[in-house]
Amino acid sequence: MSSLDLLGISKSFGATEVLKNIDIHVSEGEFIALVGPSGCGKSTLLRLISGLDEPTSGDVVLGQHVVNDLTPRERNVAMVFQSYALYPHMNVAENIGFNLRISGVPKAEINQRVADTAAILDLTELLTRKPSQLSGGQRQRVAMGRALVRNPSLFLFDEPLSNLDAKLRVQMREEIKRLHAKVRTTSIYVTHDQIEAMTLADRIVILNEGIIQQVGTPKELYTKPANPFVAGFIGSPSMNLLEGKLTQSGDTIQIELDGGVTLPCPQTAPQSASGRVIIGMRPEHLHLGEAAAGAINITGRLDHVEPTGAQNHLKVKFGKNTITATDNTLQDLASNAEVTLSLPTDKLHIFAN
Amino acid sequence: MSTKSLSLSATATAKYGFLIVSVLITIFPFVWVAMMGSHTRAEIFSAPPPFYFGDDILNNYQRLLEIMPFWLVLWNSLTVATLGTIGAVFFCSLCAYGFFAFEFRGKNIVFGLMVASMMVPPVLMLIPFFLTVKFLGLLDTHFAIWFPGVANAFGIFLVRQYMVSSISKELLDAAKIDGCSHFRIFWSVVMPLIKPAMATVGIVMFIGLWNNFLSPLIVLSSPDKYVLTLALRSVQSFANTPWGAVMLGTFLSMLPLLIAFLFFSRQMMAGLTAGAVKG
């Protein structure tokens, strides 16, 4: 187990700069998720950490050592791939033990370690099967076994659950969490699924266009997003982001939204926010019902309802904007009905635009 | 019987008829050669020629051994074909792996040139081939026959295309993470997965080397180094060519090919059709 430091990492492919000056510190035993939209550079960053690619500039530091010039094997990192990348011609035991065989570990020890790993991952019954005879979840576990058997200093996961169906994904997520709690190996987990990141990681790194947008715990990212990108990326349904400007009349500061609607600006508005702003309101913080005192009240017309079972997503038009609110009471609302949504002032996010 | 099923059975009959005729046309020369190998020269040239097995096979066999060291020549052919095949399967796969797994400047140009070289008629290369072999002092050696083909454009192209269609790059990455060197990746991960393509290259090379006549003709001069094609051709210059013996020798020389095809035909088909249908 080691700590990991990425110091000023940049990576370019020709004229295209994919990663720009990335600095991250990962403590020993920490579980970090790299999250971002497709093409944001998260998988590239993982390949740089693993040693499959070289950074254009910057250093990868494992423990106390700069490992830029070391091979993946010398870095003692293990990686679980999106497609599992199991060797199709080898059975489960051979797949798990392959890296030990390459390292020249005695056969008896290989057999022992493979058996131990298989027991942890509940693969003992499947050791003689070929990957083609396994289900998606079993293949995923073999891929994890292959990484686990060598006792690596760093675990790298490259979207390992994205090929699984929704139910299996939840199950495997729990399994990864349980496994990490047990082995406490430093782990970097790449995903574009924010739920996976939120549920698994100690801290999350949000990337967009090769730049780190914010690093923080899941709670920090949810409650204090650093910018509209993070605000929109974390949370489901996404945060409502509306553009407007701050205006002052007398002692009162107001938010004049594009489209003509004006909202009161809470005292908690950041000093830096002036002029053009983007305001953010999480759908789950918008409460349907009577206008509440001390809250921001929005009255609009219901455009349509998206039922999800446990809650309804209300699409409400006000001014020229349409916002989403969640309704846990599952009220039957007529289309085009007038609705009032109230938002506690401390739940309003204001970002400088 | 309805009109539809009548037309269906007519189609099936036509199809099977066509296939049967094709098969007969294909195997006729083999059967014909085998039959001729059991007749005397006089019987062969009688009119109409005999289309049945005769009883002169032992005489023809003795005559065959008199006119050429048949088993030595067969051994020479086997040596040349086997060494060339093993070499080609290994080096074509290795080279194909290079084109598949590595990114390097000019890769597509080199690959394109290599593929384009397949368009050059082999006859055009005979004189440069002879001059090169002579310059290297390899005249009258088997090495000069089998070695030049061990890294050939057809084999490299075929194996590389097979790799592209059947091996994911993540598999190579996984092997690197597992600590494999490039050669180990090729040997332990890639080679077991490209067996059909290797079998195809193998059988095509074996047939090509076995039937090769031009290269031995310009390289070999000692009769004890002759390969089958050359030896069988050389006895035809005899006055009164013993055609029965020549036909028997020709038939015997076909047997290793038929046996090889029997064993590898399945892999060969798999190799040739890989990637044609998305699985």
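Calculation rules
Each chain has its residues counted from 1, following the order in which its sequence is written. The naming scheme follows written order: chains are lettered A onward, ligands numbered 1 onward. The predicted nature of this model means local features are confined to residues of pLDDT at least 70 and side-chain atom pairs, given and counted, to a pLDDT of 80 or more, with totals for whole chains, interfaces and linings taken over all residues. Residues are treated as contacting if the C-beta atoms built from their backbones sit within 7 Å of each other. Secondary structure counts use DSSP, requiring at least four H or I residues in a row for a helix and at least two E residues in a row for a strand, with both numbered from the N terminus. One requirement defines pairing of two strands: DSSP has to find at least two bridges between them. An automatic or database domain assignment is the source of the domain bounds shown. Think of it as three bins: nonpolar holds Ala, Val, Leu, Ile, Met, Phe, Trp, Tyr, Cys and Pro, charged holds Asp, Glu, Lys and Arg, and polar takes everything else, Gly as well. In this description, a line fitted to the C-alpha atoms serves as the axis of each element, helices being fitted only across the stretch in contact, and the angle between N-to-C directions of two axes falls anywhere from 0 to 180 degrees. Buried, partly exposed and exposed are defined by the number of other C-beta atoms within 10 Å of a residue's own C-beta, namely 20 or more, between the two limits, and 12 or fewer respectively, with C-beta atoms placed from the backbone. Our angle categories are set so that under 35 degrees counts as roughly parallel, over 145 as roughly antiparallel, 65 to 115 as roughly perpendicular, and the remainder as oblique. For a crossing to be left-handed, the near helix must be turned anticlockwise from the far one by less than a right angle; the clockwise case is right-handed. Nonpolar core, as used here: buried Ala, Val, Leu, Ile, Met, Phe, Trp, Tyr and Cys residues forming one set through C-beta atoms within 7 Å. To estimate how far a helix should extend, the number of its residues minus one is multiplied by 1.5 Å. Taken from the helix axis, the directions to the C-beta atoms give the arc we talk about.

### Focus: the interface of chain B and chain A
No. 1: Chain B puts 14 residues into the contact, and the matching count from chain A is 17 residues.
No. 2: Looking at the side of chain B that touches chain A, the elements with two or more residues in it are α9 (169–177) and α10 (182–190) of chain B.
No. 3: With 6 residues, the single largest contributor to the side of chain B that touches chain A is α9(B).

### Describing the sheet that holds strand β4 (residues 57–62) of chain A
No. 1: One open sheet accounts for 4 strands, arranged β2-β1-β4-β5 (chain A); its pairing is antiparallel. If you trace the sheet from one side to the other, it starts and ends with β2 (16–26) and β5 (65–66) of chain A, each paired once.

### Points about the domain arrangement of chain A
Interface size is commonly expressed as the accessible area that is lost once the parts come together.
Residue and element names in this part refer to chain A.
No. 1: Taken domain by domain, chain A comprises domain 1 (4–232) and domain 2 (240–352).
No. 2: The distance between the C-alpha centroids of domain 1 and domain 2 comes to 39 Å.
No. 3: The interface is formed by 5 residues belonging to domain 1 together with 5 residues belonging to domain 2.
No. 4: When its residues are assigned to classes, the side of domain 1 that touches domain 2 shows 3 nonpolar, 2 polar and no charged.

### Considering the sheet that holds strand β13 (residues 262–264) of chain A
Residue and element names in this part refer to chain A.
No. 1: With respect to topology, 5 strands assemble into an open sheet ordered β13-β12-β11-β14-β20, the strand pairing being antiparallel. Looking along the sheet, the strands with just one partner apiece sit at the ends: β13 and β20 (349–352). Each strand axis lies, on average, 40° off the axis of its neighbour in the sheet, ignoring direction.

### A word on helix α1 (residues 42–50) of chain A
Residues and elements named next belong to chain A.
No. 1: With respect to burial, α1 is a largely interior element, 9 of its 9 residues being buried.
No. 2: By the burial criterion, the buried members of α1 are Lys42, Ser43, Thr44, Leu45, Leu46, Arg47, Leu48, Ile49 and Ser50.
No. 3: One or two steps after α1, the chain reaches Gly51, where phi turns positive at roughly 100°.

### Points about the packing of helix α3 (residues 92–102) of chain A against helix α4 (residues 107–120) of chain A
Residue and element names in this part refer to chain A.
No. 1: Contact geometry for α3 and α4: axes closest at 9 Å, N-to-C directions at 130°. When the axes of α3 and α4 are compared, the pair comes out oblique. Seen from above, α3 lies across α4 with right-handed handedness. When α3 is examined against α4, the residues Ala93, Ile96, Gly97, Leu100 and Arg101 are found in contact with a partner set consisting of Ile110, Arg113, Val114, Thr117 and Ala118.
No. 2: Looking at the contact of α3 with α4 residue by residue, the classes come out as 6 nonpolar, 2 polar and 2 charged.

### Section: the pairing of strand β6 (residues 77–80) of chain A
Residue and element names in this part refer to chain A.
No. 1: Residues Val77 and Met79 line one face of β6 and the alternating positions Ala78 and Val80 line the opposite face, and both faces are buried.
No. 2: Of the pairings in the sheet, the one linking β6 to strand β7 (residues 154–158) comprises 4 bridges and is parallel in character. Of the residues in β7, the one forming a bridge with Val77 is Leu154.

### Some details on the nonpolar core
No. 1: With 147 residues, the main nonpolar core has A:Leu34, A:Leu156 and B:Val159 as its most contacted residues.
No. 2: The leading source of residues in this core is helix α4 (residues 70–101) of chain B, at 12 residues.
No. 3: Summarising the domain contributions, this core has at least three residues from each of domain 1 (4–232) and domain 2 (240–352) of chain A.
No. 4: Other than its neighbours up to four places away in sequence, A:Leu34 contacts A:Lys42, A:Leu45, A:Leu46, A:Ile188, A:Val190, A:Val205 and A:Leu207.

### Let's talk about unusual backbone geometry
No. 1: Note the cis peptide between A:Ser236 and A:Pro237, where omega equals -5°.
No. 2: Inspection of the secondary structure puts A:Pro237 in the loop between α9 (228–233) and β11 (240–249).
No. 3: Here the residue pair B:Ala47 and B:Pro48 is connected by a cis peptide bond, since its omega of -10° sits within 30 degrees of zero.
No. 4: Its place among the elements puts B:Pro48 in the loop between α2 (41–44) and α3 (57–67).
No. 5: The phi dihedral of A:Arg184 falls on the positive side, at around 55°, and the residue is not glycine.
No. 6: Mapped onto the elements of the fold, A:Arg184 is located in the loop between α6 (166–183) and β8 (187–191).
No. 7: Positive phi is not limited to glycine here, since A:Leu330 has a value of about 55°.
No. 8: Position of A:Leu330 among the secondary structure elements: in the loop between β18 (321–327) and β19 (338–344).

### Section: α6(A)
Residues and elements named next belong to chain A.
No. 1: With 18 residues, α6 extends 26 Å between its outermost C-alpha atoms, agreeing within 8% with the 26 Å of an ideal straight helix rising 1.5 Å per residue.
No. 2: Every buried residue of α6 is listed here: Arg169, Ile176 and His180. Summarising the axial view, the buried residues of α6 lie within an arc of 30°, below the 170-degree limit, and thus occupy one face. Turned more than 90 degrees away from the buried face of α6 sit Lys167, Glu174, Arg178, Ala181 and Lys182, all of them exposed.
No. 3: Packing partners of the buried residues in α6 comprise β3 (31–35), β8 and α7 (194–200).
No. 4: One or two steps after α6, the chain reaches Arg184, where phi turns positive at roughly 55°.

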